[in-house]
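This is what each chain is made of:
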Amino acid sequence: MGEKLSALFAFGPQLSDGIVTTVLLTLGGAAGAFVIALVLGLAMVTPYGWLGVPAKIIVEFFRGTSLLVQLFWLFYVLPLLGVQLDPMTCGILALALNYGAYSAEVVRSSINHVDRGQWEASRALSLSPAHLVRRVIFPQAWALMIPSLATLLIQLLKGTAVVSFITLQDLTERIEQLRQASGDTFFAYSVGLLIYFVLAWLLQIGMNALEQRARARLGRVDRTAGGLRSIVRMQKPQAEAVS
Amino acid sequence: MPSTDSGLTAPGSTGPGSVGSDPAIRFQDVEKRFGDNVVLKNLNFSVQPGERVTLIGPSGSGKTTILRLIMTLESLTDGFIYINGSPLTHEERNGRRTALPPREVRRKTRQIGMVFQQFNLFPNMTVAENLIEAPMHVLGMSKADALAKARGLLDKVGLADKENEHPSRLSGGQQQRVAIARALAMDPEILLLDEVTSALDPELVDDVLNVLRRLAGETDITMLIVTHEMQFAKDVSQRVMMFDNGAILEDGPPEEIFTNPRHERTAKFLSAVLDQ
C-alpha cells in the first residue's frame, strides 16, 4: 500500500492538473449552458412563434445528437470550414450546447409551473412583460428549477470525461496515465471514482445551498430547522413554513 | 376627457354619475367565447364614475369573465370596452375593429386595479416590496415615496406591523388585505373585486369586508364586485346586476333586487345563496 501511495504522491502534480481541467470544463460548460438555457427557455415561453419555434428546434437538435459526435464535429469538422478552436474551447462549447439544450427544457417547464395567478396579478399592476418575468416569475421559477439543474450539473461533470478523445488531459485521462504508471488497475480507477465522487458532492452542496437560499426568499424555509446539516446531508429541508 | 363615441348612448345605467361625463366603464356589444362556448353575448352596460356595482348570478354566468375582460386578462372576441370614454383594447378605425398596441393597453389598465380570490401576492417579496413594486416601476415613484405610501395603506388595512413579513407567514385574511393595499397603491380609479372572500376561512371574512366597507365609505373609487356575500353587496353597492347565461337578467338597486326580484330565476338564486 505504501508504494501505491508514493506512486500517487509522485503523480500528484499531473493528477491535480487533470482535476483543474475537469473543473474548468465543468464550470465553463455549466456557465455556457446556463446562458444558453435562459435564452432558449425564455424564447420557448414567449407567445411569439418566430422566437419559440427556432428555439425548440435548436433544443431538440442538441438533445437528439450525441455529445461525443458534437464534440468531434467541433474539433474535426470546423477546421475543415476554416474555424480552428483549441481543445478546451471545443470541450466547453460542446458541453454548453448539449447541456444548455437539456437545461432550456428545465427553464421552460419551471417558468410554466409558476402559478398563473402570479402572471395575472402582475398584469393587474400593469407591469411590463419583461419586468414581470424578471422580478416576479423568474425568482419563483428559479427555486423550482434548481434541483433539476443540479442533476444536470452533475451529469455534466461526469460528461466532461469524453474530452479525452480530443487530446485534453482531464481527470479521466490522468487516471488512465496513473494506471499505466502504477500498473495497478484497481487502485487507479478507485482513486478516479473517489475524486469524481468528491467533486460531485461539492457541486451538490453548492446547489443545495442555492436552493435553500432561493426557497428562503420565497419564505418557504424554516431557517432554524434546515440549516447547514441538511445541506451537508444532501437532503432537501424537511420543514415547510405555513403555506 | 373627450368622448370618442359620439352618437352611441350608454344603455342600462341609472347610476349617480353626472350627466355629460363619460361612464367609468362601458361595454358595447361585448361577446366572449371560449371555443364554441359563448360566455357573454352581445353585452351592453355602463358603470358611472364612483358607482359601486355588484354582479351576482350562478357560477358560469360570466360575472368573473367581465372583471377579467376589464383587467385584460382575457381578450374579448367581439365588441368594445371603454374606460372613461376611451377604448381599452380595441377601437373602431375606418369602420374596422382594430386591436390597440399592448403598451397603450397597459397605459390604460393603470387606472384599473384588481383583487383576486387567491390573493396572488408575490411570494418572493416582502409585504412592503409587494406594495412598492408597481408604483416604483410603472408609475415611476421614488422608493421613499412609494414606501411612505405603502406604510399608510398598510396602516389603513390594519397591518402596519407586517411590513417586513413574507406573505407566506400571513393568514389568508391578512394576505387578502395586503392584496387590497397593493391594488390601492396604484391609485386606481376602478377597483375590481373578484370573489375576494371565497378562499377565506369564515372567521377571517369580516376583517376583509370591513376594510372594503371603509374603503367604499372614504373614497370615490368605482367598484365592480363579484361576491356571494349578499349583506356586503347590500351595504356597499348602489346597484346590483343579476347575470344568467352570459346576459343581464336584472339590473337595479340592491333593495329592489334583493327584496322584490322581478324574475323567478333571481329569486331562486337568492334563496339558494342565502340558505348557505
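Quantities reported herein were computed from a predicted structural model and do not represent experimental measurements.

This part takes up the UniProt feature "domain: ABC transporter" (unreviewed entry) in chain B. Residues given the UniProt feature "domain: ABC transporter" (unreviewed entry) here are residues 25–270 of chain B. Regarding residues 25–270 of chain B, the helix share stands at 37% and the strand share at 28%, and the terminal C-alpha atoms are separated by 26 Å.

So, about the packing of aromatic side chains. All names here are of chain A. Evaluated as defined, the whole model comprises 10 aromatic pairs over all chains. A ring pair is formed by Phe-75 and Tyr-76, whose centres lie 5.0 Å apart and whose planes are at 80°; its orientation type is edge-to-face. A relative accessible area of 17% means that Phe-75 is categorised as buried. Among the residues examined, Tyr-76 registers a relative accessible area of 44% and is labelled partly exposed.

For the rest of this paragraph, the subject is the environment of B:Thr89. Residues and elements named next belong to chain B. Tracing the sequence through the fold places Thr-89 in the loop between β5 (86–87) and β6 (90–93). According to the relative accessible area criterion, Thr-89 is buried, its value standing at 12%. It is 28 Å that separates the C-alpha atoms of Thr-89 and Ala-216, two residues lying 127 residues apart in sequence. Residues in contact with Thr-89, not counting those within four places in the same chain, are Thr-72, Leu-76, Thr-98, Ala-99, Leu-100 and Val-105.

This part is about the confidence of the model for chain B. All names here are of chain B. With 92% of its residues at a pLDDT of 70 or more, chain B shows a mean pLDDT of 90. Segment residues 1–18: pLDDT under 50, and 33 contacts once partners within four positions in sequence are set aside and those in other chains are kept. Interface confidence for the predicted complex, given as ipTM, is 0.87, next to a pTM of 0.84.

Together, A:Leu194, A:Phe197, A:Val198 and A:Leu202 give the surface a local cluster of nonpolar side chains, amounting to about 400 Å² of exposed area. With respect to the element layout, A:Leu194 can be found in helix α9 (residues 185–217).

Right, let's talk about the interface of chain A and chain B for a bit. Opposite the 26 residues of chain A that make contact, chain B presents 25 residues. The tally of links between chain A and chain B comes to two salt bridges. Going through the elements one at a time, α6 (116–124), α7 (129–159) and α9 of chain A are the ones with two or more residues in the side of chain A that touches chain B. By residue number, the principal contributor to the side of chain A that touches chain B is α6(A), which donates eight residues. Class assignment for the residues of the side of chain A that touches chain B results in 12 nonpolar, eight polar and six charged.

The rules we used
Residues numbered from 1 in each chain as written. Chains lettered and ligands numbered in written order. Predicted model: local features only at pLDDT ≥ 70, side-chain atom pairs only at ≥ 80, totals over all residues. Heavy atoms only, no water. UniProt positions renumbered as here; feature names shortened; annotations may be inferred. Helix = DSSP H or I, 4+ residues; strand = E, 2+ residues; numbered from the N terminus. Phe/Tyr/Trp six-rings, centres within 6.5 Å; stacked < 30°, edge-to-face > 60°. Buried < 20%, exposed > 50% of the residue type's maximum accessible area, 1.4 Å probe, protein only. Contact = heavy atoms within 4.5 Å. pLDDT = per-residue confidence, 0-100. Patch = residues over 30% accessible without salt bridge, like charges linked within 9 Å, V, L, I, M, F, W, Y side chains within 5 Å. Areas by Shrake-Rupley, 256 points an atom, 1.4 Å probe, with all protein chains shown as cover. Salt bridge = Lys/Arg side-chain N within 4 Å of Asp/Glu carboxyl O. Nonpolar A, V, L, I, M, F, W, Y, C, P; charged D, E, K, R; others polar.

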